[in-house]
Amino acid sequence: MTSEEAPAARDIAVVAFAQTDHRRSTEESSEAEMLMPVLHEVLDGTGLKAADIGFTCSGSSDYLAGRAFSFTLALDGVGAWPPISESHVEMDGAWALYEAWTKLLTGDADTALVYSYGKCSPGSVRDVLTRQLDPYYVAPLWPDAVALAALQAQALVDAGHTDEPALAAVGARSRADAAANPHAQLKGQVRQGEYVVRPLRTGDCPPVGDGAAAVILVAGDRARELCARPAWIRGIDHRIEAHGLGVRDLTESPSTRLAATKAGAFERPVDTAELHAPFSSQEVVLRKALGLDDSVCVNPSGGALAANPVMAAGLIRIGEAAARIHRGASDRALAHATSGPCLQQNLVAVLEGDPR
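The structure presented is a predicted model; accordingly, all values stated were derived computationally and were not measured.

Trainee: I'd like to hear about the packing of aromatic side chains, residue by residue, with values.
Mentor: For the coordinates displayed, the defined rule picks out one aromatic pair. On the basis of an interplanar angle of 45° and a centroid distance of 5.7 Å, the ring pair of Y98 and W101 is categorised as tilted. Of the two residues, Y98 and W101 are both situated in helix α4 (residues 93-106); the distance of three residues between them amounts to about one turn of the helix. When its relative accessible area of 22% is taken as the criterion, Y98 is described as partly exposed. Assessed through its relative accessible area of 13%, W101 is described here as buried. The ring of Y195 carries R198 above its face, with NZ or CZ at 3.9 Å from the centroid.

Trainee: Talk me through the pattern of salt bridges; I want residue IDs and the actual numbers.
Mentor: Enumeration over the complete set of coordinates arrives at 17 salt bridges. Among the ionic pairs, R268 bridges to E352, the shortest N-O distance being 2.1 Å. Taken together, the residues R268 in the loop between α9 (254-263) and β9 (272-274) and E352 in strand β12 (residues 345-352) connect sequence positions 84 residues apart. Looking at E352, the relative accessible area reads 11%, which means it is buried. Linking R332 and E352 is a salt bridge whose minimum nitrogen-to-oxygen distance equals 2.6 Å. In this pair, R332 sits in strand β11 (residues 332-339) while E352 sits in strand β12, placing the two residues 20 residues apart along the sequence. In terms of burial, R332 and E352 fall into one category: buried. What emerges from the salt-bridge pattern is a single network uniting D11, R234, R268, R332 and E352.

The rules we used
- Residue numbers run consecutively from 1 along every chain, following the written order of its sequence.
- Per-residue local features are limited, in this predicted model, to residues with pLDDT of at least 70; the limit for side-chain atom pairs, both in listing and counting, is 80 or more; totals at the level of whole chains, interfaces and linings are taken over all residues.
- With hydrogens and water set aside, each side-chain value is computed from the structure's full complement of heavy atoms.
- Planes of paired rings set the category: under 30 degrees apart is stacked, over 60 is edge-to-face and the rest tilted, where pairs are Phe, Tyr or Trp rings (Trp by its six-membered ring) whose centres lie within 6.5 Å.
- Helix and strand assignments follow DSSP, with helices taken as H or I runs no shorter than four residues and strands as E runs no shorter than two, numbered in order from the N terminus.
- Buried residues are those whose accessible area, probed at 1.4 Å on protein chains only, stays under 20% of the maximum for their type, while exposed residues exceed 50% and partly exposed ones sit between those limits.
- The criterion for a charge sitting over a ring is simple: Lys NZ or Arg CZ within 6 Å of the ring centre, and within 35 degrees of the ring normal.
- Here, a salt bridge means any side-chain nitrogen of Lys or Arg that lies within 4 Å of a carboxyl oxygen of Asp or Glu.

As structure tokens, this is what we get:
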């Protein structure tokens, strides 16, 4: 196919976003029951019906649910009859959004529903996340998620990139900003607390909780019909670090910087950045990799330090960035999602609103 014959790239936008009120436990609800109000809200926000959705993609983890193919039960909340075009990723919902975005780019669908959810309350999420580690050399040692984050934090302190008061300030700022977020689990003044694993205190760590989120993607001019100010996805990319922690410099995140470069984040300044930094020390790494200075509003929603439903927190970062564009609080925003130990996998999306 010649360049003259190649189809033009499609403009794709986030036109709606909804999330649960994140709570320490939702033991009274199943995943489907937790998800259904979010799905109704995101559809109602556009006036679309389930039958209007061309593609559906979800992100979740069977390890959290404790049973295989658990995502099929959540489809009861979506409604899979009559048959729908559906897919699932065993990842944070941000990667489900990436799959849906590529589906719309091909022209196979014009609208997509993306959702994700995580119930961390039934078990020990610190232990569950060890299943992400190298099964031969690291996982048998059972270093949990907090211990590995503390290893990264200590490397930052030893390199002179931060110190404990600076880390405490990150957590305090995040939860202060979350006071304006009705969905946040932790907000306002939160004690820095005792050490969990030195140098990380409770205030440097994310809350354990349950939650879900959903967004709707629409291609072309239809997006403007459904949303007064769509959040156009100008670029999106994801990259991964080496699996072996010992071969990485934990004070750097080259995969984040490369993903941001490929997504076009450095072509023009952004005014907002929603960073998926579950630990205060990880915000230090991400700010450096993305070149964010004090002129950028970072995590105005409170970020993952205010609510961190595993498998949904990354999608929420994209949704929060898009929502700020929808309401005119941002013109060009960066959203970041991560998965794996010590920022192993990173996704960056750049969103823009129409000129005002």
